[in-house]
Amino acid sequence: MQTFPVRQSSFTRFMSRLFSKGSTVKCRYRLIIINAVFLSVATLMGIAGVSGQQFSFIPNGTFFTNPGGASETYSTTGGGVDLTGPFFQSLGSNGRSCGSCHQPSDGMSVSAASVQQRFLQTQGQDPIFRTVDGSNCNHSMDVSTLAGRSAAYSLLRTRGLIRIAIGVPANADYRVVSVNNPYGCNESGVISMYRRPLPSTNLRFLSAVMFDGRESAKVTGTTKILFENYPKSLLDDLKHQSLDATKGHAHGDGTRPTPAEQQQIVNFEMALFTAQTIGNYAGRLDAHGAHGGPETLAGSSSIPPQPFFISINSSVNPLVPTLETPGGLVTAGDGQFNPAIFNPFDAWAAMPDSSPRVAVARGQAIFNSRPINITDVAGINDVASAGGLVDKGIPSLMGTCGTCHDTPNVGNHSFPTPLDIGTGDPDPSNPSTNLGGLDISYLPAITVCKTDPATGLPTSNCKTTTDLGQALIDGKFDHVGKIKGPILRGLSARAPYFHNGSAQTLLDAVHFYENRFGLVLTPQDESDLVAFLSVL
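Remember, it's a predicted structure, so these values are computed and weren't measured experimentally. (Residues numbered from 1 in each chain as written. Predicted model: local features only at pLDDT ≥ 70, side-chain atom pairs only at ≥ 80, totals over all residues. Heavy atoms only, no water.)

**A short note on the overall build of the protein chain**
Basically, it comes down to this: Secondary structure elements are defined from DSSP: runs of H or I of at least 4 residues count as helices, runs of E of at least 2 residues count as strands, and each element is numbered from the N terminus. Using a 1.4 Å probe, accessible areas were evaluated by the Shrake-Rupley method; residue-level cover was limited to the displayed protein chains.
Counting its regular elements, the protein chain contains 13 helices and 15 strands. Accessible surface, the protein chain as shown: approximately 21,000 Å² in total, 57% of it carbon and sulfur.

Now the structure itself:
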């Protein structure tokens, strides 16, 4: 496994002073300095990667550059991130480790830009480039030449996508009637889908493991994460996931990670917290009364950790008290919901309009309060028998970003409720884009039809999508396309966005919601919202 961190040295001390609360260096000069320094560091990191130089420890307080500034991955144990444990060891047969797709420099995921950098530095030989799932398909792939490898791994290089191949459940109440995969994986019994690696950090706030929840589902021998069984269920699911991931992604034989190594991996992951620490324009994100950065999530001797329990601040429980129980904000079951999901940058709201920091505060306010008319979202608007909220469904629900991103200061859904908002669904008027207008022409088109219970034959009730989501785990047609939303912290470190990488930038993600739900934003609103999302 190769990871290219910047050691805490004179560089880190210099950057800390440059962006300290008391720094007298003007913002525009800081930007010039940081861009020059980060360019130099990127070059040195590349040289280290090519030469095979390894680092064994990343001290807390180490900055990692990204398009929005710099992030930090903070560990509550040992004073930093230990790169020598089983998480970073090759436990299978193809040279991969968990760290191959979960890099500290990329918010414990991978960005497409860093994958491309690794491709160039290693001529496509880095362990992440393996045909088991790193290539666009796993057959008829010629990776004997550089050009062949470039073509075979194009989705990984440009969108940061890993191919996830899962068999259709034998008891599925639907039939896959066609698969149009541009890379050749057209099988209808085992479906190839393309997904971003989820971050292996901030895991204390998870309500389900994996986009489709397959590592928190009875059908896979794991446990749904509920209020009454958390955190044991989460810890057990993560252990199971570490073994499954090694067997699949790393071609392991099932003997490793051993139970002891599984526990080490989970302990390592649960100690990690990641967030943006420096904004390109806002500077330090804990200055002038703000509370950005990972320590406010993790807690310290002077800061309590971010409160969390399963269903905390549920937006659904106050609407339908029988769902997402117990709900509550301060204490479980207190019946409260606060749409002001994020508050780290409240103190910046009173700053002058010309300040980049007030733009962040305005963006936070938009996220927290701008109304969104939620329509045609499976898991919210559909009938209860299909997974919706009420028996006859809700044609529209007036909500905010916090309706689906309700966990305070984290932004995922605090209860394991998968949704289909249309990121993987082709627009009927333009199948090359999704329902929010983003390009999905690089993804397969999969058509499934619900079967007649009496005959087992496909009916006319069909759906075309690029990812079957939860339906490929539990076999339910009504769950086609449903996935969970990710934690929003550390976004700048891991572009592109959405499960299929369809949003290349944060602005693309904002445009999706504008097009999909008719969200009305001015150019200033868009800029402010991106400014906020980029510093989470």
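**Observations regarding helix α12 (residues 506-517)**
Here is the rule: Expected span of a helix, by definition, is 1.5 Å for each gap between consecutive residues, and there is one gap fewer than residues. Burial status follows relative accessibility: with a 1.4 Å probe on protein chains alone, a residue under 20% of its type maximum counts as buried, one over 50% as exposed, and anything between as partly exposed. In this analysis, two residues are considered to be in contact whenever any of their non-hydrogen atoms come within 4.5 Å of each other.
In this model α12 runs 17 Å from its N-terminal to its C-terminal C-alpha over 12 residues, within 8% of the 16 Å that 1.5 Å per residue would give. For α12, every residue scored as buried is listed here: Leu506, Ala509, Val510, Phe512, Glu514, Arg516 and Phe517. Packing partners of the buried residues in α12 comprise β10 (372-375), β13 (430-434) and α13 (523-533). Looking one or two places after α12, you find Gly518, whose phi comes out positive at around 70°.

**Observations regarding empty space enclosed by the protein**
To keep things clear, this is the line we draw: Both cavities and pockets are sets of points on a 1 Å grid over the protein atoms alone; in a cavity a 1.4 Å probe fits but cannot get out, in a pocket the set is open with protein on both sides within 12 Å along at least five of seven lines, and lining residues sit with an atom within 4 Å of a point. Grid points are joined across faces, edges and corners, and a volume is the space filled by probe spheres set on the points. Residues were grouped as follows: Ala, Val, Leu, Ile, Met, Phe, Trp, Tyr, Cys and Pro as nonpolar; Asp, Glu, Lys and Arg as charged; and all remaining residues, including Gly, as polar.
Taken as a whole, this structure holds two cavities of 30 Å³ or more when the rule is applied. Counted as a void, the second largest cavity has a volume near 620 Å³. Around the second largest cavity sit 36 residues that line it, and His102, Pro197, Leu198, Met210 and Gln241 are the ones nearest its centre. Of all the elements in the fold, those that place two or more residues in the lining of the second largest cavity are β5 (162-167) and α6 (232-249). For the lining of the second largest cavity, the leading source of residues is α6, giving six residues. Of the residues that constitute the lining of the second largest cavity, the class distribution is 19 nonpolar, 11 polar and six charged.

**Overview of the sheet that holds strand β3 (residues 69-75)**
Using the following cut-off: Strand pairing requires that DSSP identify at least two bridges connecting the strands.
An order of β2-β3-β8-β9 is seen for the four strands of this open sheet, with the pairing classed as antiparallel. If you trace the sheet from one side to the other, it starts and ends with β2 (64-66) and β9 (283-284), each paired once. With two bridges joining them, strand β8 (residues 272-279) and β9 adopt antiparallel strand pairing. The partner of Gly279 across the bridge, within β9, is Gly283.

**Quick word on the pattern of salt bridges**
Any two side chains of opposite charge can pair, on the condition that their charged atoms come close. We count it as follows: By salt bridge we mean one thing: a side-chain nitrogen of Lys or Arg within 4 Å of a carboxyl oxygen of Asp or Glu.
All chains considered together, the criterion is met by 14 salt bridges. The partner of Asp133 in a salt bridge is Arg96, and the shortest N-O contact between them spans 2.6 Å. Taken together, the residues span a long stretch of sequence, with Asp133 in the loop between α3 (112-122) and α4 (146-152) and Arg96 in the loop between β4 (80-82) and α3 at a distance of 37 residues. Taking relative accessible area as the criterion, Asp133 reaches 3% and is therefore assigned buried.

**Things to note about the environment of Glu215**
Mapping Glu215 onto the fold places it in the loop between β7 (190-195) and α6. In the structure, Glu215 is positioned 26 residues away from Gln241 in sequence and 6.1 Å away in space, judged by C-alpha atoms. The contacts of Glu215, once residues within four sequence positions are left out, are Val209, Met210, Thr220, Thr222, Asp237, His240, Gln241 and Asp244.

**Re the sheet that holds strand β14 (residues 445-451)**
The cut-off we apply is this: Every axis corresponds to a line fitted to the C-alpha atoms, with the helix fit spanning only the stretch in contact, and the corresponding angles, defined between N-to-C directions, vary from 0 to 180 degrees.
Pairing within the open sheet is antiparallel, and its three strands lie in the order β6-β14-β15. Each edge of the open sheet is held by one strand with a lone partner, namely β6 (174-180) and β15 (458-465). Each strand of the sheet is rotated relative to its neighbour by a mean of 25°, with strand direction disregarded. Pairing of β14 with β15 involves five bridges; the strand directions are antiparallel. Within β15, the position partnered with Val448 by the bridge is Lys463.

**Here's the deal with the confidence of the model for the protein chain**
Counted only if it meets this: For every residue, the predictor assigns a confidence score, pLDDT, that lies between 0 and 100.
For the protein chain, the mean per-residue pLDDT works out to 92, and 90% of the residues sit at or above 70. The low-confidence segment residues 1-14 (pLDDT under 50) makes 48 contacts with residues lying over four places distant or belonging to another chain. The model gives residues 35-52 a pLDDT under 50, and that stretch makes 20 contacts with residues more than four places away or in other chains.

**Brief notes about the packing of helix α9 (residues 356-369) against α13**
Threshold: In this scheme, roughly parallel covers angles under 35 degrees and roughly antiparallel covers those over 145, while 65 to 115 is roughly perpendicular and the rest are oblique.
Interhelical geometry of α9 versus α13 gives an angle of 95° and a closest axis separation of 7 Å. By the angle between their axes, α9 is roughly perpendicular relative to α13. In this structure, α9 uses Ala359, Val360, Arg362, Gly363, Gln364, Ile366 and Phe367 to contact α13, whose residues at the interface are Gln524, Asp525, Asp528, Leu529, Ala531, Phe532 and Leu533. Taken together, the residues that form the contact of α9 with α13 break down as eight nonpolar, three polar and three charged.

**Observations concerning the nonpolar core**
Just so we agree on the cut-off: Residues belong to one nonpolar core when they are buried, are Ala, Val, Leu, Ile, Met, Phe, Trp, Tyr or Cys, and are joined through side-chain atoms within 4.5 Å.
Within the largest apolar cluster, 44 residues are counted, with the highest numbers of intra-cluster contacts made by Phe345, Trp348, Phe367, Ile380, Leu529, Phe532 and Leu533. Only α9, β10, α10 (401-404), α12 and α13 provide two or more residues apiece to this core. With sequence-adjacent residues up to four places away left out, Leu529 is seen in contact with Gly363, Ile366, Phe367, Val510 and Leu521. Grouped together as the second largest cluster of nonpolar side chains are 27 residues, Ala471, Ile473, Phe477 and Val480 included.

**Focus on the packing of α6 against helix α7 (residues 259-270)**
Two packed helices can be described by the angle between their axes and the distance between those axes. Using the following cut-off: Each crossing is labelled by how the near helix is turned from the far one, with a counterclockwise turn of less than a right angle marking it left-handed and a clockwise turn marking it right-handed.
Between α6 and α7, the shortest axis-to-axis distance is 9 Å and the interhelical angle comes to 120°. Overall, the two elements α6 and α7 adopt an arrangement that is oblique. The chirality of how α6 crosses α7 is right-handed. Touching Leu234, Leu235, Leu238, Lys239, His240, Ser242 and Leu243 of α6 are Gln262, Gln263, Ile265, Val266, Glu269 and Met270, all from α7. Of the residues in the contact of α6 with α7, the class split is seven nonpolar, four polar and two charged.

**Comments concerning the state of the cysteines**
Note the threshold: Whenever a pair of cysteine sulfur atoms sits within 2.5 Å, that pair is classed as a disulfide.
Applying the stated criterion across every chain, the model contains two disulfides. With a sulfur-sulfur separation of 2.0 Å, Cys137 is cross-linked through a disulfide to Cys185. Disulfide Cys137 to Cys185: torsion about the S-S bond roughly 100°, handedness right-handed. Of this pair, Cys137 sits in the loop between α3 and α4 while Cys185 sits in the loop between β6 and β7; the two residues are 48 residues apart in sequence, bridging distant segments of the chain. The two residues Cys137 and Cys185 agree in class, both being buried. Across the disulfide from Cys449 sits Cys462; the S-S distance is 2.0 Å. Here the S-S torsion is close to 100°, and the disulfide linking Cys449 with Cys462 is therefore right-handed.

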